[in-house]
Amino acid sequence: MSAVEPRVDPAAKPPSAWARLRESDVFHSFISTPSAMVAASFTVLAILACFAAPLIAPFNPFDPAQISLWDGKLPPAWVEGGQAQYVLGTDNQGRDMLSTILYGGRLSIIVGLAAVGLGMVLGVGLGVIAGYVGGALDAVIMRIADVQLTIPGILLAILINGIGRAFLPPEIREEFAIYVVIIAIGLTDWPQFARVARGATLVEAQKEYVQAARVIGLPGWLIMLRHILPNTLRPVLVIATIGLALAVIAEATLSFLGQGIPPTTPSLGTLIRVGNEYLFSGLWWITLFPAIALVVLVFAVNLLGDWMRDALNPKLR
């Protein structure tokens, strides 16, 4: 007797995207990993709070009318001498610390996202081309990536940032400082994306669907774009998540060293640098609260990236 095949209702609707997500292994891994849920919650809340800074921040640190030098260096509200309207105190310029952290965190996240996006686009593009074309082009691209990986990323970012500023006229140097920092950090990150994308491309290029695309005469750029690139994004997404935390740290480091965001534009790095000058004068809150915000944000993103690495790689489950 032959096995009875299950009847399929041709009128049945395919499952929705949310239904497919709930049935996926990644979703079950997420809800069964408390650290991933906590990290994702902290990351989402931090990003939402920073981008909603104009709505939820008590003051606007960019508005001179809302800044009072007479209220500068006030301690947090629960410390003697503090004021209730300044919950976390004020900095040396009289700016509310809670507001500057929200606005500064938004700027740090924007710089990190833009830098990771630049590094990902450049690295994935070069990695896919190197893995698919091969030959001398592959050797040249990967040797450049290998050489760059031997140089500490922060030193390379300082070098690129210094060269970019040197070519800018002094009158627009501060105005374009954010873009220079984004380019500097992004250009230091592309080799990691290129190596991962090249490895995934070498695997995908040997599969039957790519061979079939070649046989029917599809051009190489279309094969790379339509068939190979989508299958390289899973490991790239993991690197991009962890890279966001590293990019935020890089921006904070550059700003702390005076090579990044100008002091007039608050970011987490500039806030820590300004507060460091007053650390031994008893004004601990100017450094402590931005540093805590930076550590929590980076730690949460790193935990989320570690979970994604395990969840998206079947070999690590």
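Conventions we followed
Residues numbered from 1 in each chain as written. Predicted model: local features only at pLDDT ≥ 70, side-chain atom pairs only at ≥ 80, totals over all residues. Heavy atoms only, no water. Helix = DSSP H or I, 4+ residues; strand = E, 2+ residues; numbered from the N terminus. Buried < 20%, exposed > 50% of the residue type's maximum accessible area, 1.4 Å probe, protein only. Axes fitted to C-alpha atoms, helices over the stretch in contact; angles between N-to-C directions. Parallel < 35°, antiparallel > 145°, perpendicular 65-115°, else oblique. Left-handed = near helix turned anticlockwise from the far one by under 90°. Contact = heavy atoms within 4.5 Å. Nonpolar A, V, L, I, M, F, W, Y, C, P; charged D, E, K, R; others polar. pLDDT = per-residue confidence, 0-100. Polar contact = N/O pair within 3.5 Å; in protein donor to acceptor, adjacent residues only side chain to side chain. Expected span 1.5 Å × (residues − 1). Arc of directions from axis to C-beta. Salt bridge = Lys/Arg side-chain N within 4 Å of Asp/Glu carboxyl O. Patch = residues over 30% accessible without salt bridge, like charges linked within 9 Å, V, L, I, M, F, W, Y side chains within 5 Å. Areas by Shrake-Rupley, 256 points an atom, 1.4 Å probe, with all protein chains shown as cover.

**Looking at the overall build of the protein**
Helix and strand counts for the protein come out as 13 helices and zero strands. Ordered by position from N to C terminus, the α and β elements of the protein give α-α-α-α-α-α-α-α-α-α-α-α-α. If you line up the protein on its principal axes, its C-alpha atoms span 90 × 50 × 30 Å. Within the span of the protein, comprising 317 residues, buried residues form 41% of the whole.

**So, the packing of helix 7 (residues 153-167) against helix 8 (residues 177-204)**
One can describe the packing of helix 7 onto helix 8 by two numbers: an axis separation of 8 Å at closest approach and a directional angle of 140°. Accordingly, the angle class assigned to the pair helix 7 and helix 8 is oblique. Considering only the axes of helix 7 and helix 8, their crossing is right-handed. Contact residues: G153, L156, A157, I160, N161, G164 and R165 in helix 7; A177, V180, V181, A184, L187 and T188 in helix 8. The class makeup of the residues in the contact of helix 7 with helix 8 is eight nonpolar, four polar and one charged.

**Examining the confidence of the model for the protein**
For the protein, the average pLDDT comes to 82, and 90% of its residues sit at 70 or higher. Taken element by element, the protein is modelled with least confidence in helix 1 (residues 17-22), mean pLDDT 62, and with most confidence in helix 5 (residues 97-133), mean pLDDT 90.

**Focus: the side chain of T100**
Relative to the helices and strands, T100 resides in helix 5. Reaching out from T100, the side chain makes a polar contact with the backbone oxygen of M97 at a distance of 2.8 Å. If near-sequence neighbours (up to four positions away) are discounted, T100 is found in contact with P61, R95, G105, P266 and L271.

**Side note on the environment of D96**
Within the secondary structure, D96 sits in the loop between helix 4 (53-56) and helix 5. Exposure remark for D96: the relative accessible area of 4% places this residue in the buried category. Not counting residues within four places of it along the chain, the set of residues in contact with D96 comprises P58, F59, Q85, Y86, V87, G89 and T90. A polar side-chain atom of D96 sits 2.8 Å from a polar atom in the side chain of S99.

**Brief notes about the environment of P64**
By the secondary structure assignment, P64 is in the loop between helix 4 and helix 5. By relative accessible area, P64 is classed as exposed at 63%. Measuring from C-alpha to C-alpha, the distance between P64 and I141 comes to 49 Å, with 77 residues separating the pair along the chain.

**Regarding helix 3 (residues 34-51)**
Here helix 3 is 18 residues long and its end C-alpha atoms lie 26 Å apart, about the 26 Å a rise of 1.5 Å per residue gives. All of the buried residues along helix 3 are A36, A39, A40, T43 and C50. Taken down its axis, helix 3 places every buried residue within 110° of arc, on the same side. The exposed set on the far side of helix 3, more than 90 degrees from its buried face, consists of P34, L45 and L48.

**Here's the deal with the packing of helix 12 (residues 268-276) against helix 13 (residues 285-312)**
The contact between helix 12 and helix 13 brings their axes to 8 Å, and the two run at 150°. Here helix 12 is positioned roughly antiparallel relative to helix 13, judged by the angle of their axes. Of the two elements, helix 12 crosses helix 13, and the hand of that crossing is left-handed. Across the interface between the two elements, L268, L271, I272, V274, G275 and N276 of helix 12 pack against I286, T287, P290, A291, A293 and L294 of helix 13. For the contact of helix 12 with helix 13, a count of residues per class yields nine nonpolar, three polar and no charged.

**Points about the pattern of salt bridges**
The tally for this structure, following the rule as stated, stands at five salt bridges. Through salt bridges that share partners, R143, D146 and R195 make up one connected network.

**Notes on the side chain of S267**
Inspection of the secondary structure assignment puts S267 in the loop between helix 11 (233-256) and helix 12. There is a polar contact of 2.8 Å between the side chain of S267 and the side chain of E251. If we ignore the near neighbours within four places in the chain, the residues touching S267 are G104, L107, S108, E251, S255 and I261.

**A few points about a nonpolar patch on the surface**
A surface patch of nonpolar side chains, about 990 Å² in accessible area, is lined by V38, F42, W78, V87, L279, F280, W284, L288, I292 and V296. Mapped by element, the contributors of at least two residues to the nonpolar patch are helix 3 and helix 13. Counting residues per element, the nonpolar patch draws most heavily on helix 13, which supplies three residues. By the secondary structure assignment, L288 is in helix 13. With a relative accessible area of 38%, L288 lands in the partly exposed category.

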